[in-house]
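Residue-level listing of the chains:
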Amino acid sequence: MHIDVFGLIGAAAGGFLGATFGALVAFVFTGFAVLIGIAALIGSGNSGFLDSIAFGSVFGPHISFAAGVAAAGYAYRRGYLTSGRDIVTPLVSLARPSVLLVGAGFGLLGYVLQQVIAIIPWLGSHTDSVALTVVVSALIVRLAFGRSGIIGADNEGRTGWARFAPNAEHAWLAYQQKPAMAVLLGVFVGGISAWAGVALLQSFPDAGGVIFVGFGISAVSLLFLAFGILVPATHHITLVSAVAANALLLRAPGLDPSWVVIFGAIFGGLTALVGEAFSRFWLIRGDTHIDPPASAIWPMTTISLVTVALLPL
């Protein structure tokens, strides 16, 4: 773990920036930064932009996105926002300095949490510490600023498993919530992410970061969602499918690339289902945002890496 004043300054400023833009717009900038970082990596062989800007203090989701979520939760609790799940509104528009300073504070928290998670024996090297930090940070926000509790109450009074079924009021993205639709989306979007990652690795074998190209595109696509255009949320799918494919390729470099892509596509489908399950568990009835994609990324990363390690190759 390496925590220093330089890193803390960057995290506080990055969290402030994430709150200023709002969580969703901040994450869109993550996507742009990932694509720029990949281009820089291909051109120079240096991953500095990808590591420090896209996944670091400027636009790393554990700092900027998580800070935007936290600031929205705080603004909701203080009555400045009508919904703590509003991750679209740029919070600078509220003209409340305290909201932005909460973002700075959660930027610091995200910086420290991610580094702590990364050094946990075994788990730290077998999960996505950034995604897990986003989830832990959001849970802290729910407990600190929300009123619904972790799961929330059903508006129809349903109990047991029935309470987790979406309805008109309680839904994440209704057009991709049915299991068949989620799996179809996951397999094909995951498949193209894995394919793109494998294809780029074949051309640039020393630039491992190229596997994130699908994730970058998915993140940028959410800009349309901010404009009210109903595109799917797929960054959990594209990330896990690419990570799974890359892990298999590293384990069995002589394997037919087609099988590697199919493996990634399978994990894309599974990740889509897990993301939808988490949306039903602790997002759709809650009054702050706990991100379903981040919730799916960290366990599915672990499962994909373990699966690859156990395959009799």
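Starting afresh in each chain, residues are numbered from 1 along the sequence in its written order. Local features in this predicted model are restricted to residues of pLDDT 70 or higher, and side-chain atom pairs are both shown and tallied only at a pLDDT of 80 or more, whereas totals for entire chains, interfaces and linings draw on every residue. Hydrogen atoms and water are omitted, and side-chain values are computed over all heavy atoms in the structure.

Novice: Describe the overall build of the chain, with residues and values.
Specialist: Starting at the N terminus, helices and strands are each numbered in turn, a helix being any DSSP run of H or I of at least four residues and a strand any DSSP run of E of at least two. Per the secondary structure count, the chain includes 11 helices and zero strands. Over its C-alpha atoms the chain spans a radius of gyration of 19 Å, differing by no more than 12% from the 20 Å that the globule rule assigns to 313 residues. Projected onto its principal axes, the C-alpha positions of the chain cover 60 × 50 × 40 Å. For the exposure calls, accessible area comes from a 1.4 Å probe over protein chains only, and a residue counts as buried if that area is under 20% of its type's maximum, exposed if over 50%, partly exposed in between. Here the chain holds 313 residues, and 53% of them are scored as buried. The contact criterion used is simple: two residues touch if any of their non-hydrogen atoms lie within 4.5 Å. Long-range contacts, defined here as pairs at least 24 residues apart, represent 72% of the contacts in the chain between residues at least 6 apart. For the area figures, the Shrake-Rupley method with a 1.4 Å probe applies, and any residue is considered shielded solely by the protein chains shown. Split by element, the accessible area of the chain, about 13,200 Å² in all, is 72% carbon and sulfur. Counting rule applied: Lys, Arg positive; Asp, Glu negative; His and chain ends not counted. Where a charge lies is defined by one atom per residue type, namely NZ (Lys), CZ (Arg), CG (Asp) and CD (Glu). Taken together, the 12 basic and 12 acidic charged side chains of the chain have centroids lying 12 Å from each other. Throughout, radius of gyration means the C-alpha value; the globule benchmark is 2.2 Å times the number of residues raised to the power 0.38.

Novice: Outline helix 7 (residues 179-203), listing residues and values.
Specialist: Over its 25 residues, helix 7 extends 36 Å from the first C-alpha to the last, a length consistent with the 36 Å expected when each residue adds 1.5 Å. Where helix 7 is concerned, the buried positions are Ala182, Leu185, Gly186, Val189, Gly190, Gly191, Ser193, Ala194, Gly197, Val198 and Leu201. Where helix 7 is buried, its residues meet helix 8 (213-226), helix 9 (235-251) and helix 10 (257-282). Here the expected span of a helix is defined as 1.5 Å times the quantity of residues minus one.

Novice: Tell me about the packing of aromatic side chains, residues and numbers included.
Specialist: Working definition: rings of Phe, Tyr and Trp (its six-membered ring) pair if their centres are within 6.5 Å, and the pair is stacked with planes under 30 degrees apart, edge-to-face with planes over 60 apart, and tilted otherwise. The full count for this structure, using the stated rule, is 13 aromatic pairs. A ring pair is formed by Phe27 and Phe215, whose centres lie 5.8 Å apart and whose planes are at 75°; its orientation type is edge-to-face. One end of the pair, Phe27, is in helix 2 (residues 23-44); the other, Phe215, is in helix 8, and 188 residues separate them in sequence. Judged by relative accessible area, which is 4%, Phe215 ranks as buried. With 5.4 Å between their ring centres and 10° between their planes, Phe29 and Phe59 make a pair best called stacked. Taken together, the residues Phe29 in helix 2 and Phe59 in the loop between helix 3 (48-54) and helix 4 (64-77) connect sequence positions 30 residues apart. On the accessibility criterion, Phe29 (32% relative accessible area) is partly exposed. Taken together, the aromatic side chains of Phe27, Phe55, Phe65, Phe212 and Phe215 make up a single cluster linked through ring pairs. A cation over a ring is seen here: Arg147 above Tyr76, with NZ or CZ 5.9 Å from the ring centre. Two conditions define a charge sitting above a ring: the NZ of Lys or the CZ of Arg must be within 6 Å of the ring centre, and it must be within 35 degrees of the ring normal. Its end group placed over the ring of Phe164, Arg163 keeps NZ or CZ at 5.7 Å from the ring centre.

Novice: If you had to explain the side chain of Arg142 to someone new, which residues and values would you point to?
Specialist: Mapping Arg142 onto the fold places it in helix 6 (residues 129-145). Asp287 provides the closest opposite charge to the buried, salt-bridge-free Arg142, at an N-O distance of 4.1 Å. Within the local environment of Arg142, its side chain forms a polar contact with the backbone oxygen of Gly149, the two atoms lying 3.1 Å apart. We define a polar contact as two N or O atoms separated by no more than 3.5 Å, with the added condition that, inside protein, one atom must be a possible hydrogen donor and the other a possible acceptor, whereas residues neighbouring each other in sequence contribute only through side-chain atom pairs. Looking at Arg142, its side chain comes within polar contact range of the main-chain oxygen of Ile150, at 2.6 Å. If sequence neighbours within four positions are ignored, Arg142 has contacts with Ser148, Gly149, Ile150, Ile151, Trp282, Leu283, Gly286, Asp287, Thr288 and Ile290. Salt bridge criterion: a side-chain nitrogen from Lys or Arg within 4 Å of a carboxyl oxygen from Asp or Glu.

Novice: I'd like a description of the layout of surface pockets, backed by residues and values.
Specialist: Residues are said to line a cavity or pocket when one of their atoms sits within 4 Å of a point; the points come from a 1 Å grid over protein atoms alone, cavities being sets where a 1.4 Å probe fits but cannot get out and pockets being open sets with protein on both sides within 12 Å along at least five of seven lines. Grid points are joined across faces, edges and corners, and a volume is the space filled by probe spheres set on the points. Each pocket or cavity is described by its volume, and for the largest pocket that value is around 840 Å³. If you trace the largest pocket, you find 38 residues lining it, with Phe27, His235, Asp291, Pro293 and Ala294 closest to the centre. Breaking the lining of the largest pocket down by element, the ones donating at least two residues are helix 2, helix 5 (97-118), helix 6, helix 8, helix 9 and helix 11 (292-310). Among the elements that line the lining of the largest pocket, the one with the most residues is helix 11, at six residues. Gly is put with the polar residues, along with every residue not named as nonpolar or charged; the nonpolar set is Ala, Val, Leu, Ile, Met, Phe, Trp, Tyr, Cys and Pro, and the charged set is Asp, Glu, Lys and Arg. Here the residues of the lining of the largest pocket sort into 26 nonpolar, nine polar and three charged.

Novice: Before we move on, can you summarise helix 9 with the specific residues and values?
Specialist: End to end, helix 9 covers 24 Å across 17 residues, agreeing with the expected 24 Å (1.5 Å per residue, within 8%). In terms of burial, helix 9 is largely enclosed, as 15 of its 17 residues are buried.

Novice: Mind laying out empty space enclosed by the protein, listing which residues take part and the relevant values?
Specialist: Applying the stated rule across the entire model yields two cavities of 30 Å³ or more. Forming the boundary of the largest cavity are Trp172, Gln176, Ala182, Leu185, Ala233, His236, Ile237, Ala272, Gly275 and Glu276. Looking at the lining of the largest cavity, the elements with two or more residues in it are helix 7, helix 9 and helix 10. For the lining of the largest cavity, the element with the highest residue contribution is helix 10, accounting for three residues. Every residue along the wall of the second largest cavity is listed here: Ala194, Gly197, Val198, Leu201, Ile211, Ala242, Ala245 and Asn246. Here the lining of the second largest cavity takes four residues from helix 7, the largest share from any one element. For the lining of the second largest cavity, the per-class residue count stands at six nonpolar, two polar and no charged.

Novice: Explain the packing of helix 7 against helix 9 residue by residue, including any values.
Specialist: Here the axes come from fitting lines to C-alpha atoms, over the contacting stretch only for helices, and the angles between their N-to-C directions go from 0 to 180 degrees. With their axes 8 Å apart at the nearest point, helix 7 and helix 9 run at an angle of 50° to one another. When the interaxial angle is binned, helix 7 and helix 9 end up oblique. As helix 7 runs across helix 9, the sense of the crossing is right-handed. On helix 9, the residues that touch Leu185, Gly186, Val189, Gly190, Ser193, Ala194, Val198 and Leu201 of helix 7 are Ile237, Thr238, Ser241, Ala242, Ala245, Asn246 and Leu249. In what follows, roughly perpendicular refers to angles from 65 to 115 degrees, roughly parallel to angles under 35, roughly antiparallel to angles over 145, and oblique to any angle outside these ranges. Working rule for handedness: look at the near helix, and if it is turned counterclockwise from the far one by less than a right angle, call the crossing left-handed; if clockwise, right-handed.

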